[in-house]
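For reference, the chains in residue letters:
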Amino acid sequence: MKVPFVDLHAQYLSIKNEIDAAISDVIAESAFIRGSHVEAFERAWAKTSEVRHCVSCANGTDALQIAMRALGVKPGDEVITTAQSWISTSSMITQSGGRVVFCDADPVTFAIDPAQIESKITSRTVGIIPVHLYGQPAQMDSIMAIARRHGLWVIEDCAQAHLARYRGQLVGTFGNAATFSFYPSKNLGAYGDAGCIVTNDDRLADWMAAFARHGGKNEHVMEAVNSRMDGLQAAILNAKIPHLPAWTDARRRVASQYDRLLAGIGDIETPKIGPDRDHVYHLYVIRTGRRDALKAHLDAAGIATVLNYPKALPYYPAYAYLGHTPDHFPVAYRNQSRILSLPIYPEMPLDMIEYVTDQVRRFFAA
């Protein structure tokens, strides 16, 4: 059996008529840049996210930089973020003019460990960017309490956590702003790059909308960037938003089957959910001391797996200048050699889940 890591075509087939109609509408209207479909998306995602404002942009990476520029990051400012994430989170701190300060991951949830954040704060610290990694929220009450004590802003990186909740509250509604990616494989994915920033701050929303669109069309109140969601992506996302709750429930069912079928196999650690959190399972990440051999076995059996991510951020060449060693971030460093993402997507059938777990069982039995 061939098991893809994610099957975007299966999702398309499940709502083919809606997607085809949305694309046809954009073409018929020539609404390729901004226009009614983008405006409708911004309204729909703001409502879905339970915030006042959604500012669409070209991708989730741009969203991070635009949010930091809006919050006034300047050279010499330090921003704390997690050692375990995709590089967009940290690289946009640098590209915005700030300096990255890494913090280790929580040993259970993979998210930033709030118990270690305070020790990273200096007189130059201006903000914190927690990442709701793999679809599980960070411990936002502790993070927000630290931010309030020290007068820091918070940007939530929600790229992998659409509809996730912490203590019943949607991620993206805790901090000053939050960013989303709609990369095709995300829980809510476009058919190309797309992203947005959400906020309840009217001033921030106005500034970010202007900055993402050449500093204000025909006004140019500032020098800015061109980061726009195109009409096709907005129309596709509009068609998908109503299905997102059901797809999220389906991801949880797949994860539950994995939990059940992988229990007690070898040294496998299945994902654990921290207190008061909903997990939306953008990724299903296991840990094992035999990761590389298991990955090779699954690849040979036709099962696609991914390393999300093969190195913790401080140990990439891009951050060699910081001089970090393994003992600086022991949890993130240990995870490097142990994490493995198994296939997961809403339409994944039970026989594929059973095949994956049977091959894992065979590997450890051998």
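Whatever comes next refers back to the structure up there.
Each value, and the rule that gives it
Residues numbered from 1 in each chain as written. Predicted model: local features only at pLDDT ≥ 70, side-chain atom pairs only at ≥ 80, totals over all residues. Heavy atoms only, no water. Core = buried A, V, L, I, M, F, W, Y, C linked by side-chain atoms within 4.5 Å. Buried < 20%, exposed > 50% of the residue type's maximum accessible area, 1.4 Å probe, protein only. Helix = DSSP H or I, 4+ residues; strand = E, 2+ residues; numbered from the N terminus. Contact = heavy atoms within 4.5 Å. Pairing = 2+ DSSP bridges. Axes fitted to C-alpha atoms, helices over the stretch in contact; angles between N-to-C directions. 1 Å grid on protein atoms, 1.4 Å probe; cavity = no way out; pocket = protein on both sides within 12 Å on 5 of 7 lines; lining within 4 Å. Points joined across faces, edges and corners; volume = space filled by probe spheres on them. Nonpolar A, V, L, I, M, F, W, Y, C, P; charged D, E, K, R; others polar. Phe/Tyr/Trp six-rings, centres within 6.5 Å; stacked < 30°, edge-to-face > 60°. Disulfide = S-S within 2.5 Å. Right-handed = clockwise from strand over helix to strand, strands pointing away.

### Here's the deal with the nonpolar core
Alright, step 1. Formed by 35 residues in total, the largest nonpolar core has its most connected members in M68, F102, I129, W153, I155, I197 and M208.
Alright, step 2. Elements represented by at least two residues in this core include exactly strand 1 (53-57), helix 4 (60-70), helix 5 (88-95), strand 3 (99-103), strand 4 (125-129), strand 5 (153-157) and helix 8 (202-211).
Alright, step 3. Per-element accounting of this core gives the leading share, 6 residues, to helix 4.
Alright, step 4. With residues up to four places along the chain from it excluded, the contact list for M208 reads V55, I66, A67, A70, I197 and T199.
Alright, step 5. Core analysis: the next-biggest nonpolar cluster, separate from the first, contains 27 residues, Y258, I303, L342 and I353 among them.

### Re the environment of A250
Alright, step 1. Turning to its location among the elements, A250 is positioned in helix 10 (residues 244-262).
Alright, step 2. Note on A250: relative accessible area 8%, which makes it buried.

### A closer look at the sheet that holds strand 8 (residues 177-181)
Alright, step 1. The strand order 1-9-8-5-4-2-3 describes an open sheet built from 7 strands, whose pairing is mixed. Each edge of the open sheet carries a strand with a single partner, namely strand 1 and strand 3. For this sheet, the mean inter-axis angle between neighbouring strands, taken without regard to orientation, is 25°.
Alright, step 2. Where strand 2 (residues 78-82) meets strand 3, 5 bridges bridge the pair, whose relative direction is parallel. Each residue of the ladder has a partner; that of T82, found in strand 3, is C103.
Alright, step 3. Helix 3 (residues 36-49) rests against strand 1, strand 8 and strand 9 (195-199) of the sheet, and its axis sits at about 130° to strand 1.
Alright, step 4. Each of strand 1 and strand 9 touches helix 8; the most contacted strand, strand 1, lies at about 20° to it.

### Let's talk about the layout of surface pockets
The method is simple in principle: a probe with the dimensions of a water molecule rolls over the atoms, and the space it marks as empty is what remains.
Alright, step 1. As a volume, the largest pocket reaches approximately 520 Å³.
Alright, step 2. Lining of the largest pocket is provided by 29 residues; of these, W86, Q160, Y183, K186 and Y309 occupy positions nearest its centre.
Alright, step 3. Breaking the lining of the largest pocket down by element, the ones donating at least two residues are helix 4, helix 5 and strand 8.
Alright, step 4. A breakdown of the residues in the lining of the largest pocket according to their chemical character gives 13 nonpolar, 12 polar and 4 charged.
Alright, step 5. Roughly 170 Å³ of internal volume is contained in the second largest pocket.

### Topic: empty space enclosed by the protein
Alright, step 1. Taken as a whole and judged by the stated rule, the model has 4 cavities of 30 Å³ or more.
Alright, step 2. Taken as a whole, the largest cavity spans an internal volume of roughly 60 Å³.
Alright, step 3. Lining the largest cavity we find V6, D7, L8, Q11, P184, S185, K186, N187, R251, Y345, P346 and E347.
Alright, step 4. For the second largest cavity, the calculated volume is near 50 Å³.
Alright, step 5. As for the second largest cavity, its lining consists of V108, T109, F110, Y134, Q136, P271, K272, H279, L283 and V285.

### Observations regarding the packing of aromatic side chains
Alright, step 1. The full count for this structure, using the stated rule, is 17 aromatic pairs.
Alright, step 2. Consider the rings of Y319 and Y321, whose centres lie 6.3 Å apart with planes at 40°: the pair is tilted.
Alright, step 3. Among the residues examined, Y321 registers a relative accessible area of 48% and is labelled partly exposed.
Alright, step 4. Measuring from ring centre to ring centre gives 5.1 Å for F363 and F364, while their planes differ by 85°; the resulting arrangement is edge-to-face.
Alright, step 5. Owing to a relative accessible area of 17%, F364 belongs among the buried residues under this scheme.
Alright, step 6. Members of the aromatic cluster, connected to one another through ring pairs, are F102, Y315, Y319, Y321, F329 and Y333.

### Points about the state of the cysteines
Alright, step 1. In the structure shown here, the tally under the stated rule is 0 disulfides.
Alright, step 2. Between C103, a cysteine without a disulfide, and C158, which holds the nearest cysteine sulfur, the sulfur-to-sulfur distance is 18 Å.

### Quick notes on unusual backbone geometry
Alright, step 1. Note the cis peptide between N308 and Y309, where omega equals 15°.
Alright, step 2. Position of Y309 relative to the elements: it lies in the loop between helix 11 (291-300) and helix 12 (330-336).
Alright, step 3. At F110, a position not held by glycine, the phi torsion is positive, near 75°.
Alright, step 4. F110 gets classed as buried once you look at its relative accessible area, which sits at 4%.

### A closer look at the pairing of strand 5
A regular strand places its side chains on the two faces of the sheet in alternate fashion.
Alright, step 1. Of all 5 residues that make up strand 5, 5 are buried, and the element is covered over most of its length.
Alright, step 2. Burial along strand 5 is two-sided: W153, I155 and D157 and V154 and E156, pointing in opposite directions, are all buried.
Alright, step 3. For strand 4 and strand 5, the ladder comprises 2 bridges, and the chain directions are parallel. Within strand 5, the position partnered with I128 by the bridge is V154.
Alright, step 4. Assessed by its sense of winding, the connection that carries the chain from strand 4 through helix 7 (residues 140-150) to strand 5 is right-handed.
Alright, step 5. Across 3 bridges, the pairing between strand 5 and strand 8 is parallel. Considered in strand 8, the bridge of I155 is made with A177.

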